[in-house]
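# Report on the structure
Listed here are the chains, written in short residue letters.
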Amino acid sequence: MEKKSLLKSALLTLVIVIFVIGSWEIYLRNKGIPISYDDGPPLWANNRAMVYEPLDDAVVFIGSSRIKYDLDIPTWQNKTNIHAVQLAVEGSNPRPALEDLANDPNFKGRLIVDVTEGLFFSKSGPLDKTLNENIKYFHDRTPAQKISFFLNKPLESQFVFLNKDYFSLNAKLDELEIPRRAGVFMMPLFPIEFSHNTFERQMFMTPEFVVDTVLQNKVKANWAFFASLGKGAPPMPTAELDAIFKSVKVATDKIKARGGEVLFVRTPSSGVYLQGEKIGFPREKYWDKLLTYTNCPGIHFLDYPAIDHFVCPELSHLSRPDAIEFTKHFIDILEKDKNWKLTNSNKLN
Amino acid sequence: MVFNSYTFIAFFLIILFLHNLPLSWKTKKINLLLASYIFYAAWNPPFILLLWLSTVIDFFVGRALYTQENHYKKKMLLIVSLIGNLGMLVFFKYGTFLLENFVALCNAIGFDYHPAEPNIILPAGISFYTFTTLCYTIDMYQKRSEPVKSLLDFSLFVTFFPHLVAGPIVRPPQLVPQFEWPRKASLKQMTDGLLLLTLGLFMKVVLADSMLSATANSVFESKDLLPTLDAWIGVFAFSGQIFLDFAGYSTCAIGVALCLGFVLPQNFNYPYAAIGFSDFWKRWHITLSTWLRDYLYIPLGGNRHGKIRTYFALMATMLLGGLWHGANWTFVAWGGLHGIYLWIERYLKDRRHAAHSHKEPSDTIEVRRHPWISFFYALLTFMLINITWVFFRADTFGKSWQLLQSMFGLVGEGKALLTTLAILKVSIIVPLIVLFHWFMRNTKVLNVAYKLSWFWISLVWSTLVLMIIWAQESGSSFIYFQF
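Residues numbered from 1 in each chain as written. Chains lettered and ligands numbered in written order. Predicted model: local features only at pLDDT ≥ 70, side-chain atom pairs only at ≥ 80, totals over all residues. Heavy atoms only, no water.

As recorded by an unreviewed UniProt entry, chain B carries the name MBOAT family protein and is attributed to Flavobacterium luteum.

## A closer look at the pairing of strand E6 (residues 261–266) of chain A
All names here are of chain A. Filter applied, for reference: Buried means the residue's accessible area, taken with a 1.4 Å probe over protein chains only, is under 20% of the maximum for its type, while exposed means over 50%, and partly exposed covers the values in between. Per the convention used, a helix needs a DSSP run of H or I reaching at least four residues, while a strand needs a run of E reaching at least two, with both numbered from the N terminus. Any two strands with at least two DSSP bridges between them are considered paired.
Taking burial as the measure, the six residues of E6 include five buried ones, the bulk of the element. Both E6 and strand E7 (residues 298–300) contribute to a ladder of three bridges, which runs parallel. In the strand pairing of E7, Arg 266 is matched with His 300.

## Considering the sheet that holds E6 of chain A
All names here are of chain A. Selection rule: Comment: axis = line fitted to C-alpha atoms, over the contacting stretch for helices; angle = value between 0 and 180 degrees taken between N-to-C directions. Note on contacts: a residue pair qualifies if any of its non-hydrogen atoms lie within 4.5 Å across the two residues.
With parallel pairing, five strands are arranged side by side in an open sheet as E2-E1-E3-E6-E7. Single-partner strands in this sheet number two, and they are strand E2 (83–86) and E7. Ignoring which end each strand starts from, the neighbouring axes of this sheet average 20° apart. In this fold helix H16 (residues 320–336) packs onto strand E1 (58–62), strand E3 (110–114), E6 and E7, with an angle of close to 140° to the strand it touches most, E7.

## Observations regarding empty space enclosed by the protein
Residue and element names in this part refer to chain A. Definition in use: In this analysis a 1.4 Å probe is tested at points of a 1 Å grid over the protein atoms alone, and where it fits but cannot get out there is a cavity; an open set with protein on both sides within 12 Å along at least five of seven lines is a pocket; lining residues have an atom within 4 Å of a point. Grid points are joined across faces, edges and corners, and a volume is the space filled by probe spheres set on the points.
For the structure on display, the rule yields one cavity of 30 Å³ or more. The space that makes up the largest cavity amounts to roughly 40 Å³. Taken together, Tyr 37, Asp 38, Leu 43, Phe 149, Asn 152, Lys 153, Glu 156 and Phe 199 make up the full set of residues lining the largest cavity. Looking at the lining of the largest cavity element by element, the count peaks at four residues for helix H8 (residues 143–158).

## Looking at the side chain of Ser 92 of chain A
All names here are of chain A. What counts is decided by this rule: What qualifies as a polar contact is a pair of N or O atoms within 3.5 Å, subject to a donor-acceptor requirement within protein and to the restriction that residues adjacent in sequence count only when both atoms come from side chains.
Looking at where Ser 92 falls in the secondary structure, it is placed in the loop between E2 and helix H5 (95–102). Judged by its relative accessible area of 1%, Ser 92 is buried. Only 2.8 Å separates the side chain of Ser 92 from the backbone oxygen of Val 89, close enough to count as a polar contact. For Ser 92, the contacting residues outside a window of four places in its chain are Gly 63, Ser 64, Leu 119, Leu 127 and Leu 131.

## Observations regarding the domain arrangement of chain B
Bring the parts together and some accessible area is lost; that lost area is often taken as the interface size. Residues and elements named next belong to chain B. Basically, it comes down to this: All domain edges in this entry derive from an automatic or database-based domain assignment. Buried surface area refers to the total accessible area, computed with a probe of radius 1.4 Å, that the two partners give up upon joining, counted for both partners together. The salt bridge definition used is simple: a Lys or Arg side-chain nitrogen within 4 Å of an Asp or Glu carboxyl oxygen. Throughout, the ten residues Ala, Val, Leu, Ile, Met, Phe, Trp, Tyr, Cys and Pro are labelled nonpolar, Asp, Glu, Lys and Arg are labelled charged, and all others, Gly among them, are labelled polar.
Domain annotation for chain B reports domain 1 (21–182) and domain 2 (189–482). If you look at the interface, domain 1 gives 34 residues, while domain 2 gives 31 residues. Buried surface at the junction of domain 1 and domain 2, both sides included, amounts to about 2700 Å², of which 69% is carbon and sulfur. Taken as a group, Phe 97, Phe 131 and Pro 168 account for 21% of the area that domain 1 buries against domain 2, more than any other trio of residues on that side. Across the contact surface, domain 1 and domain 2 share one salt bridge. Between Asp 294 and Arg 171 there is a salt bridge, with the nearest N and O atoms lying 3.0 Å from each other. Counting the contacts that link domain 1 with domain 2 gives 10 residue pairs in polar contact (both at pLDDT 80 or more). Here the side of domain 1 that touches domain 2 takes seven residues from helix H5 (residues 126–141), the largest share from any one element. In terms of residue class, the side of domain 1 that touches domain 2 is made up of 23 nonpolar, seven polar and four charged.

## Observations regarding the UniProt feature "transmembrane region" (unreviewed entry) in chain A
The condition is simple: UniProt positions are given in the numbering used here, feature names are shortened, and annotations may be inferred rather than shown by experiment.
In the numbering used here, UniProt assigns the "transmembrane region" (unreviewed entry) feature to residues 6–27 of chain A. Across residues 6–27 of chain A, the secondary structure splits into 95% helix and 0% strand, with the terminal C-alpha atoms separated by 31 Å.

## Side note on the environment of Leu 33 of chain B
Residues and elements named next belong to chain B. The topology assignment puts Leu 33 in helix H2 (residues 25–41). By relative accessible area, Leu 33 is classed as buried at 12%. Each C-alpha atom, one on Leu 33 and one on Val 158, is 9.6 Å from the other, the two residues being 125 residues apart in sequence.

Next comes the structure, spelled out in structure tokens:
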């Protein structure tokens, strides 16, 4: 074999890689795209590890995407000095997270469960997949994975192109939207302006999205697509629904028995989406029964004039300014109506 | 820790820095040993105790085996070592499997036995380091090589992090002499190593994880009967994934070792260009197949005791080789199917040899003079190998049978599962892998690299790096870690 080395090639490779990555990053920044963290299992597990803080220092949130958009974490933390540990996962049924926390003897804190009826009262199945993977990752994660996560953080904090959902190779291939085969499920794509994620796992839509009805209509079309999947399906048998109530009660009782607290919240939706939810999931059969059955307090946005008027740009999630407003009122309701002590004199780290 | 992680990049930079400091060779070896323990502990720290136990037992037993003249005592020492090594492997890897089969047997003969389900965690790479230490003990017993002089060198031989968890399975003469004298990578070794590391990561991160794994997983995890197209695409996807994942790991391991100045044996040699199954096993997981040949097939009689014994040795080796991969009867079936392929190949070869008895018999099917015919045989081999992957990847025989039915159109119309994009990815990548293997089957990647101009190497190399970055798929485990 040749005795010469590949040093010249290695150096040129380095130059090419830096040049291409640098150009790509500058291009994305010039388009005004903000930093967004990969909301995969490592980030979820990092938050999951925070649930052991004392009851007065943290509140844990589980649920679906609504609480991730609607709870403005900086506002929450500025107003309360209490950590908001966000464990909700978009498009998921939060019951596996509830059970995971209930079965963790070291969790004795306060838990707020966001209820989107179509997801919360769904059968176990594909909707649990992401959350179950996150839970497994948390319990199995190795020291090496923890270190990788902390090494990754400064990179993701600096580079816009490290947005796996929109700029990875697979994301770009998905954007080609190659026509699907008949009968094959394809996850619809969401515009990037709708899906940004902070390190604290708060999701937000950009100001451009809030004013752009074309983008909003794309997301509305996605909701219609998801709704169409369930069309024609028979209603859930009473026995199955009862089993869900029962399992939720078992979980909430476990947490309360250890001194923890559980509260359910129904975050805003609007327009035809809300109308559809009212028809599909009548309040007395689902929400009211959930509170009665589990004997837990709850906050339904329609019960409080301060938070009942929000208009969701794409019918299901709040814009960031509205999320700030919602969070302020939500804290007030928790303190005044539900007697939660939410002001902590200790400064957050 | 895995090669495709930020933790490994940081770890490797520190190791490279320490290894190139003006320290004594002994200090550098201690650094490498400690680094290897950290590398292993990064999965599950308590399991490092098993590694120590295995190392210490085999070092002292190995030395005693070599010097012991009393035949009875020598046998006892060998048994102690085998119990120590295989006992751990059996407990951690096959404990649950054995218990399940015992329970099934009890229930089959009428005993209602339901023990508590054991919760045994499989230590990463236990099959690999057990085979590494086992061959040392057997070599000492048979006085095939000299005992390792120092515990430090032996510990480093067993634990050296590039090969520790997924091979290549090294033999003492391949690695131990490299620890005897100071070694530092030359500039050529360093750049060659970095190129191999990049190539290995590209195979794993971009092709296996980003392009193929989701398709393979969705097909093998589907509960429905599938259309023929979906079933074949899923199997091809796994076929590509398993090669790219494992060969990617081996390429990374060889590259990392080279950056430190050490040479590890080649583990893959373009197996999907194999012409026949003997040829396949000379190209796939080479260090395992040579291990099985030397420590199982030959002791079982090899081809020295007549045809029946040869066929028995072949099948026994393949069945145990299958079981080595995992505690499931499907792995045994995978090995058995390879055994049958090897039987048929041997039978055809024997018949041909009988017809042309003036020719020397060869272990592999001869490469035909006409390249197209050879390529046809390679494709036939590849297609038959794909059938074996069904048993390797499916969790149960039920799933394997269901998939085979779908592949061969034995069921009605199945439920379409794969997107057009997924089908396109597999249809482009897998044929390209086969073609690449075909054109590379008699050469090596570094030889080809050195034939290119430095500018072209840079273009290819930077494309690989950019694709790795673009894939954004860091951190997933390698398939062979579970073995």
